[in-house]
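Here is what each chain is made of, one letter per residue.
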Amino acid sequence: MQALATDNATIKNGSPQSDVLLTVTPGISISTRGAYSELEGAWRFSHVRYTHQTQSDRTLPSGNLNARLGSGPQGLSLDAGVAAEQTRSQFTATNSATPSTQDTYTDYRYRLSPQFAHQFDSNTTVLAKINRTWVRSERNSGALVERPDSRVRDDGFSLTRQPTPFGFGLDGAYQSTIVSDQPDPTLTIKAARGRLLYALSRELEIGAIAGRETTSVLQQSVSSTVRGAQFRWTPGERTLVKGIGEDHAHGQTWQLDATHRSPWMSFGFQSRRSAETSAAPLGTFESGQSVRSILDAMLSTRITNKTDRARAVDDIITQRKLPTNLAGTRDLYDLSAQMRQVTTGRLAFMGRRHMLILVGGMSKSIPLRYDQNVATNPLLPDITSSEYFLDTQLTHQLTRLNSLTGGLRWSRAHNTTMLNGNSDFSHSREFSWRASLDTQLTPDTTATYGLRRQITHLNTSVTSESVMFVGLGYRF
């Protein structure tokens, strides 16, 4: 439960409207594993009431749940998931933590994926999957424009022989994004690849990639040869660096992931450039940008059992009053095909009484089109965007019952939207600081008191928001 007083409830320039927001948020966190099943995730409903009626009262769901049915790592299995999140409707102060209903949507993602995996021997495996994702967007205000639903298809097959010292890989994939009421898929990729792998040592593997690919963007379709290389370096059990780069007709793509962990420190760096849509980032891997993944990495050497480690992570998050997710770049609504580049890095230190988290990154996207003279779909806007951000957070345990949390965030973004021949350019710069004090009243009850300040430069205007909040949390 939380009471929040703000001097600018709508985050607008001109005449700020103050309001007091009352929120009640019941939620559940699940982590259970059986012999043939697994269920993990968290879900919550935030009921927001605006006492001065600057916005409409609303119940906002958020979270994700993932389930898996199967006999183990081999054989048939079925993965399913559902997720919900709140997204802003426009290029504005999207990083504000104040609940909003007048300019936000609730996006739902439903996923269903049957898979088959088989290991012929200790070095040879085969994997086949059929993945379907449905994306639905619900308006939190009747004044907003309806967004079309979309569905994503991501099917694949792979046969891999680990290098001993030679190995190989054969891959096939079909990926597409279809927007409702549109005659053609926004983006379709059909590809077949072969990989020749070689282990230079036990720590370093390299590989060459060759294949054919057909990419369709609306009415444009191009077939081309794919060439690339990959590597994997594991200098120690706590360090991993892997990457893959390819040359396509639509440009160069890559994926790079570097991680290092210790019982008191976690480092991660991820970078990717790929053809995708906002409904389906294609060919990407997990960024690991969550506090839960950081703590899991730190505890993996001390607690080898996955279930026990997950329970220990939950205890640390609760005891130290840590957020579950780290900051990232904003995801602008854009169902057209994009070439998107995302780079993020995070560094975390955990001591006996404190935890310091540093996160930074950038994101760039441009419309994906082979022939610039071909007219774009008039119902789908072309968006070119870039954003840079830096976020820091420090949590310090003052006493056994009190902890202090503070943080700073800076971001800068540019956005150009083309629709029906008209262009709209926007740029923003945001700076915010936040501080809160958490007091443990009982073993299950925590009180929170805090302040937050945000300043936003949007085009030629400047807006600001000052917030004071108090909250009460109870864990069953």
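Structure first, text after, so check above.
No experiment lies behind these values; they were computed from the predicted model shown.

Trainee: Please give an account of the overall build of the chain that cites residues and values.
Mentor: Tallying secondary structure elements over the chain gives two helices and 23 strands in all. With respect to the three principal axes, the spread of C-alpha positions in the chain is 65 × 60 × 35 Å. Across the 476 residues of the chain, 42% fall into the buried class. In the chain, the share of contacts with a sequence separation of at least 24, taken over all contacts with a separation of at least 6, comes to 55%. Accessible surface computed for the chain: about 24400 Å², of which carbon and sulfur atoms make up 57%.

Trainee: Could you give an account of a nonpolar patch on the surface, naming the residues involved and the relevant values?
Mentor: Taken together, Phe166, Leu196, Tyr198, Leu200, Ile206, Phe231 and Trp233 make up a surface patch of nonpolar side chains, about 680 Å² in accessible area. Listing elements by their share of the nonpolar patch, those giving two or more residues are strand E11 (187-199) and strand E13 (220-236). The residue Phe231 is located in strand E13 in this model.

Trainee: Let's hear about the pattern of salt bridges: which residues, and what values?
Mentor: This structure, assessed with the given rule, holds 19 salt bridges. Across the pair Arg58 and Glu138 runs a salt bridge, and its minimum N-O distance is 3.2 Å. Remark: Glu138 occurs in strand E8 (residues 124-139) and Arg58 occurs in strand E5 (residues 58-70); sequence separation between them is 80 residues. Put simply, Arg272 and Glu276 hold a salt bridge, and the shortest N to O gap is 3.2 Å. Each of the two residues, Arg272 as well as Glu276, counts as buried. Via salt bridges that share partners, Arg33, Glu38 and Glu40 belong to a single interconnected network.

Trainee: Lay out the environment of Val222 with the relevant residues and their values.
Mentor: Note that Val222 resides in strand E13. Of the residues examined, Val222 reaches a relative accessible area of 26% and is grouped as partly exposed. Each C-alpha atom, one on Val222 and one on Tyr50, is 52 Å from the other, the two residues being 172 residues apart in sequence.

Trainee: Requested: an account of the environment of Gly243, with residues and values cited.
Mentor: Its place among the elements puts Gly243 in strand E14 (residues 239-248). Taking the relative accessible area as the measure of exposure, Gly243 reaches 12% and is therefore buried. Separated by 10 residues in sequence, Gly243 and Trp233 place their C-alpha atoms 9.1 Å apart. Residues in contact with Gly243, not counting those within four places in the same chain, are Ala229, Gln230, Phe231, Gln255 and Leu256.

Trainee: Give a detailed account of the nonpolar core, specifying residues and quantitative values.
Mentor: Counting 16 residues, the largest nonpolar core has Leu295, Leu322 and Met355 as the members making the most contacts within it. Taken together, the elements giving at least two residues each to this core come down to helix H1 (291-299), helix H2 (306-320), strand E17 (338-350) and strand E18 (354-367). When residues in this core are grouped by element, the largest group, five residues, is from H1. If near-sequence neighbours (up to four positions away) are discounted, Leu295 is found in contact with Val313, Ile316, Ile317, Leu322, Met350 and Met355.

Cut-offs and rules
- Residues numbered from 1 in each chain as written.
- Predicted model: local features only at pLDDT ≥ 70, side-chain atom pairs only at ≥ 80, totals over all residues.
- Heavy atoms only, no water.
- Helix = DSSP H or I, 4+ residues; strand = E, 2+ residues; numbered from the N terminus.
- Buried < 20%, exposed > 50% of the residue type's maximum accessible area, 1.4 Å probe, protein only.
- Contact = heavy atoms within 4.5 Å.
- Areas by Shrake-Rupley, 256 points an atom, 1.4 Å probe, with all protein chains shown as cover.
- Patch = residues over 30% accessible without salt bridge, like charges linked within 9 Å, V, L, I, M, F, W, Y side chains within 5 Å.
- Salt bridge = Lys/Arg side-chain N within 4 Å of Asp/Glu carboxyl O.
- Core = buried A, V, L, I, M, F, W, Y, C linked by side-chain atoms within 4.5 Å.

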